[in-house]
Amino acid sequence: MDFRLHNASVDALAAVAADALILVLAGDSLPSKLDKELAALIKDAIKLGDFELKDGKVLMLQRPVGVKAPRLVLAAAGKSTLKSARAALLNGLGQLKGRGAAHAAVAFIGFDSSLTASLAEQFVLAAGDADYVYRHTKPSAPAPGKLVKLSLLVSKTDASAAKDGLAQGEAIGAGIELARECANRPGNHATPTFLGEQARALGRSHGLKVEVLDKAAVEKLGMGSFLAVAQGSDEPLRFIVARYDGAAKKQPPVVLVGKGITFDSGGISLKPGAEMDEMKFDMGGAASVLGTLRAVAELKPKLNLVVIIAACENMPSGRAVKPGDVVTSMSGQTIEILNTDAEGRLVLCDALTYAERFKPAVVVDVATLTGACVIALGAVRSGMYASDDALAASLLAAGDKALDPCWRMPLDDEYAEGLKSNFADVANIASRAGGSVTAAKFLQRFASKFRWGHLDIAGTAWKGGAAKGSTGRPVGLLTHFVLAQADSDL
Ligand code: BES
Ligand code: MN
Ligand code: ZN
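The rules behind these values
Residues numbered from 1 in each chain as written. Chains lettered and ligands numbered in written order. Predicted model: local features only at pLDDT ≥ 70, side-chain atom pairs only at ≥ 80, totals over all residues. Heavy atoms only, no water. 1 Å grid on protein atoms, 1.4 Å probe; cavity = no way out; pocket = protein on both sides within 12 Å on 5 of 7 lines; lining within 4 Å. Points joined across faces, edges and corners; volume = space filled by probe spheres on them. Helix = DSSP H or I, 4+ residues; strand = E, 2+ residues; numbered from the N terminus. Donors = N, O, S within 2.8 Å, 3.2 Å for Na, K, Ca; no water. Tetrahedral: all angles 85-135°; square planar, octahedral: opposite > 155°, others 65-115°. Buried < 20%, exposed > 50% of the residue type's maximum accessible area, 1.4 Å probe, protein only. Contact = heavy atoms within 4.5 Å. Pairing = 2+ DSSP bridges. Axes fitted to C-alpha atoms, helices over the stretch in contact; angles between N-to-C directions.

Within this structure, the stated rule accounts for 1 cavity of 30 Å³ or more. Around the largest cavity, the lining residues are Ala-179, Ala-183, Phe-281, Gly-284, Ala-287, Ser-288, Ala-461, Trp-462, Ser-470, Gly-472 and Arg-473. Residue contributions to the lining of the largest cavity peak at 3 residues, all from helix H8 (residues 284–299).

Structural data, given as structure tokens:
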């Protein structure tokens, strides 16, 4: 998809040359400056009962009189928020699906100009989202469609903000695409080795330092917890460390840690069969930190970023770790593994301990960690945990700005009660109640040396059912969060 910026004031939209003109209309009245031709057409459509300035309403007109573009698409946003604008744009683009238009020009009308950059970003992201088709193991999947060029129409005063938003949208869009592509690939394709190769390829294309550690190196580091999860599988593990250096060496980096379970069978605590295939998405955290790294490397902010991925399969076998086994984590803490299906925290704890060596400004881990988080928050908001209020506020703000929202969850010490063990420093599960929180409490024990945030993306990383597939979340949230750290002068 080719994205362009085009200067056109609201009173000159009728003269824009494109195969389709899409007007995303905020509010319940038309701005007075709008083209007379366009205003008359819209009022007429409303009068005929074919269109309303109400959330979700959309109408396509062919060869409307006085409009240069042969197709006019009206998409009402209802509210003048970013979220409504994105939904309306997707409705508008939906009208062109399967039709002949190759070039669409889009104008957001009636939105506050403080939203310009975000609108431009969402313009790219919404279109990219609508355009994505998974084809790696299904080359016969229908092609995305004829639409190949999208122009954003903005007034001169909004041009510079729109340009920045467009660039940000393209970078985040590329990151989301990488994340979706990795996560959608089946477990026999997207192996730990594949994730390591993806990181290396990103390193080559974007000039990043990438290290991929194998089992021997992980043994040397003493990651007994990570090794315990990996030991049941014939697929070799990978511990991936990739760095973007955009600031002085001495500047403490932002560190992102991703859970990279390329297939989670549950291990000896085997999962039930229904929907077990979806556990190929259990590397969604890893995919999203890789995608974020890509977006950041393209935008080149002045900061240092380290991305860490602990990748392996969780499988049952004669060599697999068993319920009741006690392992020693890299931190020295012993862990009683009461349920081998609570494996995400077991790979993340060692990755968190490894992160200490970077003397990080902040560490955020990202994981499809608990079914309990899906019960708590569904597919709308990711669960967010933070060791301090300022960090929680910036994660929350990043999510809102990216339309990739999260919700803060509690970390009261009482939630850790159930993790007590008679045979080790800590058990890897507590009772069923508050399962997302107890998982976070487990991780917190390994995150005492730095500011720490944790995103439980079990409900948001992928969709099931007919639309089964990776969402690419939370690449948007994470990229906004990382960029804001550059501005916040750590
Ligand atoms: N990868 C799963 C979490 C998950 C489950 C994500 C369903 C999305 C949908 C994780 O490794 C897991 O199995 N967690 C267990 C923990 C339990 C054994 C304490 C869970 O949530 O059931
Ligand atoms: Mn599991
Ligand atoms: Zn898992």
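We now examine the coordination of the zinc ion (ligand 3). The expected angle between donors at a tetrahedral four-coordinate metal is 109.5 degrees. At an octahedral six-coordinate metal it is 90 or 180 degrees. With distances of 2.0 to 2.4 Å, the protein atoms coordinating the zinc ion (ligand 3) are Lys-259 (NZ), Asp-264 (OD), Asp-282 (OD) and Glu-343 (OE). Around the zinc ion (ligand 3), the 6 donor atoms sit at angles spanning 79 to 174 degrees, and that spread fits a shape best called octahedral. Donor residues for the zinc ion (ligand 3), ordered by position in the chain, follow K-x4-D-x17-D-x60-E. Separating the zinc ion (ligand 3) from the manganese ion (ligand 2) is a distance of 3.2 Å, and Asp-264 supplies a donor atom to each of them. Here Asp-264 is found in strand S9 (residues 254–264), whereas its partner Asp-282 is found in the loop between S9 and H8, with 18 residues between them in sequence.

One can find Lys-68 in the loop between strand S3 (58–62) and strand S4 (71–78). By relative accessible area, Lys-68 is classed as exposed at 56%. Distance from Lys-68 to Pro-410, taken between C-alpha atoms, is 56 Å for residues 342 residues apart in sequence. Setting aside its immediate chain neighbours within four residues, Lys-68 contacts Ala-14, Ala-15, Val-16 and Ala-17.

With that settled, the discussion passes to the sheet that holds strand S13 (residues 362–367). Spatially, 8 strands are ordered S7-S8-S10-S9-S13-S17-S14-S15 in an open sheet, and the strand pairing comes out mixed. Of all strands in the sheet, those bounded by a partner on one side alone are strand S7 (209–213) and strand S15 (406–408). Sheet twist, expressed as the mean angle between neighbouring strand axes with direction ignored, is 20 degrees. Of the strand pairs in this sheet, S9 and S13 are connected by 5 bridges, and their pairing is parallel. From the neighbouring strand, Val-257 faces S13, where its bridge partner is Asp-365. Seen against the sheet, helix H13 (residues 475–487) touches S9, strand S10 (304–314), S13, S15 and strand S17 (452–456) and runs at an angle of roughly 160 degrees to S9.

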